Amino acid sequence: MGTCVIHPVLLVRALLCAAALLYLGVAVASAGEAPSPSPVAASIFPIASDARLAGDAKQTRFVLDLDKAVQFRAFTLADPYRVVLDIPQVNFQFPAGTGAAGRGLIKAFRYGMVMPGGSRIVFDLTGPARIAKSYVLEAANGQPPRLVLELEEVDRTGFVQSLAVESRPELRPAIAGAADAVVAATAMAEAKSVASKAAESDTRPVVVIDPGHGGADNGTQSGGENEKDLVLGFGLALRDRIEKSGKYRVVMTREDDTFIPLADRVKVARNQSAALFVSIHADALPRGEGDAQGATIYTLSDRASDAEAERLAEAENKADAIGGVNLTEEPTEVADILIDLARRETRTFSNRFARLLMGEMKTTARMHKHPLKSAGFKVLKAPDVPSVLVELGYVSNKGDLEHLVSENWRSRTVGSMAQAIDAFFAKRVAKAGTAN
Ligand SMILES: [Zn+2]
């Protein structure tokens, strides 16, 4: 993380540099060039001006300087060991490189906004630790208000015990400063329950479109282009296209720039009894690792089909770490034979759709030289929903990037995907028809 080089024109692996990029975003905003978030909006939030670490491998202290006291919530997570600090939305104005170097129990930390009204700092630990003390000090003796976390080394057993007393974290603002966001979320939930009543009588197959990344997690980047924005634009265009046919009910895992944990994306597919799940991404090769181009279609497997598939799955699975929380729980009923059978059938359907998609996409988009691959993507782990993950191309490749930002390319590629979806369901219907 500390070795990340940030330059607007250079390609960077955002997955590895998220904290630094978030910092960059704030720096640019305060210079008034690219207001995201806008300097006006940012100024109403408390300012986090500095953060420091002190102590050793037995006891480590984190101190956050603020311009006003805030409420907070801190909890630990295992595998890997982390501490998460939730605070109301703040304007991070840390010096460059803050968080890259660790000390004592803290390997490194990263920070950013995880939802409207909520900011988060995530600490990667060197091993199991518990939060011995946590408090906010009011301004005194010329010192600004400070938020202090004191960590203490524990063994694995001690860690697990400390987890049990902490309440289970949830991805919603549980802090007074974020009251507006809670109200907004409640209103949204109500709107959704009305929508789901209407959906009950709708027997059309459900297609879930999952634009990758979002919020604090930018995905891969090239100059001014973020993967999260490119894939959202593509996903919305695909939704509009297939909704128009009237044959499917289309559900998006996100419709705006929001961070959604991988497990929640899978849950959307399962809760909606989706007939198809399509996750949309764009890849990038790390700098110095050559050039690659073209679209690739991935399905789920236990073992990656090649080294590149393995690298990519690892990178995509890091999305949760960047959002700062990893609540993915492997289903406990994995041994259940029914799930196993469903999974086998799902894989057949997933592979069938992947082949149809490749056949259609190669007429409009340029494909990777090995366009069909598989790997252990967390976002594809819904045992009963046929799922693929499409990497539209490489933002690290000049030609691919030109396509990715082109309306014309997008429209043609969306069209080929819509055709593949039609072909997939036409076959399923035909098959069901002959079976009866
Ligand atoms: Zn991605």
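Further up the page is the structure itself.
Residues numbered from 1 in each chain as written. Predicted model: local features only at pLDDT ≥ 70, side-chain atom pairs only at ≥ 80, totals over all residues. Heavy atoms only, no water.

Chemist: Help me understand the coordination of the zinc ion, please; the structure alone is not making it clear to me.
Modeler: For a metal bound by four donors in tetrahedral geometry, the ideal donor-metal-donor angle is 109.5 degrees, whereas six donors in octahedral geometry ideally sit at 90 or 180 degrees. Distances from the zinc ion to its protein donors, His 213 (NE2), Glu 227 (OE), His 281 (ND1), Glu 316 (OE) and Glu 316 (OE), fall at 2.0 to 2.4 Å. For the zinc ion, all donor residues lie on one chain, and their spacing in sequence is H-x13-E-x53-H-x34-E. Of this pair, His 281 sits in strand E15 (residues 276–283) while Glu 316 sits in helix H7 (residues 307–317), and the two are 35 residues apart along the sequence. Its relative accessible area of 4% is what places His 281 among the buried residues. (Donors = N, O, S within 2.8 Å, 3.2 Å for Na, K, Ca; no water. Helix = DSSP H or I, 4+ residues; strand = E, 2+ residues; numbered from the N terminus. Buried < 20%, exposed > 50% of the residue type's maximum accessible area, 1.4 Å probe, protein only.)

Chemist: For this particular structure, what's the right way to read the packing of aromatic side chains?
Modeler: How two aromatic rings sit relative to each other is given by the distance of their centres and the angle of their planes. Enumeration according to the criterion identifies 12 aromatic pairs in this entry. Ring centres of Phe 92 and Tyr 111 lie 4.8 Å apart, and the angle between their planes is 45 degrees; on these two criteria the pair is classed as tilted. Taken together, the residues span a long stretch of sequence, with Phe 92 in strand E6 (residues 91–92) and Tyr 111 in strand E7 (residues 106–115) at a distance of 19 residues. Note on Tyr 111: relative accessible area 4%, which makes it buried. Ring geometry for Phe 353 against Phe 424: centres 5.3 Å apart, planes inclined by 70 degrees, an arrangement best described as edge-to-face. Taken together, the positions of Phe 353 in helix H9 (residues 337–361) and Phe 424 in helix H11 (residues 407–435) put the pair 71 residues apart, joining distant regions of the chain. (Phe/Tyr/Trp six-rings, centres within 6.5 Å; stacked < 30°, edge-to-face > 60°.)

Chemist: I tried to follow the nonpolar core on my own but got confused; where do I start?
Modeler: Membership of the largest hydrophobic core comes to 40 residues, with the highest contact counts inside it found for Ile 242, Ile 280, Phe 353, Leu 357, Met 361 and Met 417. Beyond its immediate stretch of four places on either side in the chain, Ile 280 contacts Ile 209, Asp 210, Pro 211, Gly 212, Val 231, Phe 234, Leu 238, Val 390, Leu 392 and Met 417. The next biggest cluster of nonpolar side chains, apart from the first, holds 28 residues, and it includes Leu 53, Leu 66, Val 90 and Leu 149. (Core = buried A, V, L, I, M, F, W, Y, C linked by side-chain atoms within 4.5 Å. Contact = heavy atoms within 4.5 Å.)

Chemist: Can you help me understand H7 in this one?
Modeler: Because the α-helix completes a turn every 3.6 residues, residues three or four places apart line up on one side. Counting buried residues in H7 gives 8 out of 11 residues, a clear majority hidden from the surface. Every buried residue of H7 is accounted for by Glu 308, Ala 309, Arg 311, Leu 312, Ala 313, Ala 315, Glu 316 and Asn 317. At the N-terminal boundary of H7, the capping side chain belongs to Asp 306, with an oxygen 3.1 Å from the backbone nitrogen of Glu 308. (Polar contact = N/O pair within 3.5 Å; in protein donor to acceptor, adjacent residues only side chain to side chain.)

Chemist: Before we go on, may I ask you to explain the pattern of salt bridges in this structure?
Modeler: Pairing of side chains with opposite charge becomes possible as their charged atoms draw close. Within the structure shown, the criterion is met by 22 salt bridges. Where Asp 124 meets Arg 110, a salt bridge forms, and the shortest distance between an N and an O atom there is 2.6 Å. Remark: Arg 110 occurs in strand E7 and Asp 124 occurs in strand E8 (residues 118–125); sequence separation between them is 14 residues. You can call Arg 110 buried: its relative accessible area is 7%. Note that Lys 228 is salt-bridged to Asp 257, the shortest N-O span being 3.1 Å. With Lys 228 in helix H5 (residues 227–244) and Asp 257 in the loop between strand E14 (249–252) and helix H6 (262–271), the pair connects residues that are 29 residues apart, well separated along the chain. (Salt bridge = Lys/Arg side-chain N within 4 Å of Asp/Glu carboxyl O.)

Chemist: I tried to follow the pairing of strand E4 (residues 73–77) on my own but got confused; where do I start?
Modeler: Each regular strand carries side chains that alternate between the two faces of the sheet. Two strands pair when backbone bridges link them, and E4 and strand E5 (residues 82–88) are joined in this way by 5 bridges, in the antiparallel orientation. Within the sheet, the bridge partner assigned to Phe 75 lies in E5 and is Val 84. Taking the residues between adjacent antiparallel strands as the criterion, E4 and E5 are bridged by 4 residues, where Asp 79 takes a positive phi near 55 degrees. (Pairing = 2+ DSSP bridges.)

Chemist: Help me out: how do you make sense of H6 in this one?
Modeler: Among the residues of H6, Leu 262, Ala 263, Arg 265, Val 266 and Ala 269 are the ones counted as buried. For H6, the buried positions fall inside an angular range of 160 degrees around the axis, keeping them on one side. Downstream of H6 by a residue or two, Ser 273 has a phi angle that is positive, lying close to 45 degrees. (Arc of directions from axis to C-beta.)

Chemist: Can you help me understand the sheet that holds E15 in this one?
Modeler: To summarise the sheet geometry, strands pair through backbone hydrogen bonds and adopt either a parallel or an antiparallel arrangement. Pairing within the open sheet is mixed, and its 6 strands lie in the order E14-E11-E15-E18-E16-E17. With partners counted over all chains shown, the strands left at the sheet margins are E14 and strand E17 (367–375), one partner each. With direction set aside, neighbouring strand axes in the sheet form an average angle of 20 degrees. With 5 bridges joining them, strand E11 (residues 206–211) and E15 adopt parallel strand pairing. Each bridged residue has a counterpart across the sheet, and for Ile 209 the counterpart in E15 is Val 278. (Axes fitted to C-alpha atoms, helices over the stretch in contact; angles between N-to-C directions.)

Chemist: For this particular structure, what's the right way to read the sheet that holds strand E9 (residues 129–137)?
Modeler: The strand order across the open sheet formed by 5 strands is E6-E2-E3-E10-E9, and the pairing between neighbours is mixed. Edge positions in the sheet fall to E6 and E9, since each has one partner strand and no second. As paired elements, strand E2 (residues 47–55) and strand E3 (residues 59–66) share 7 bridges and run antiparallel to each other. Of the residues in E3, the one forming a bridge with Asp 50 is Asp 65.

So yeah, pure geometry; function would need other evidence.
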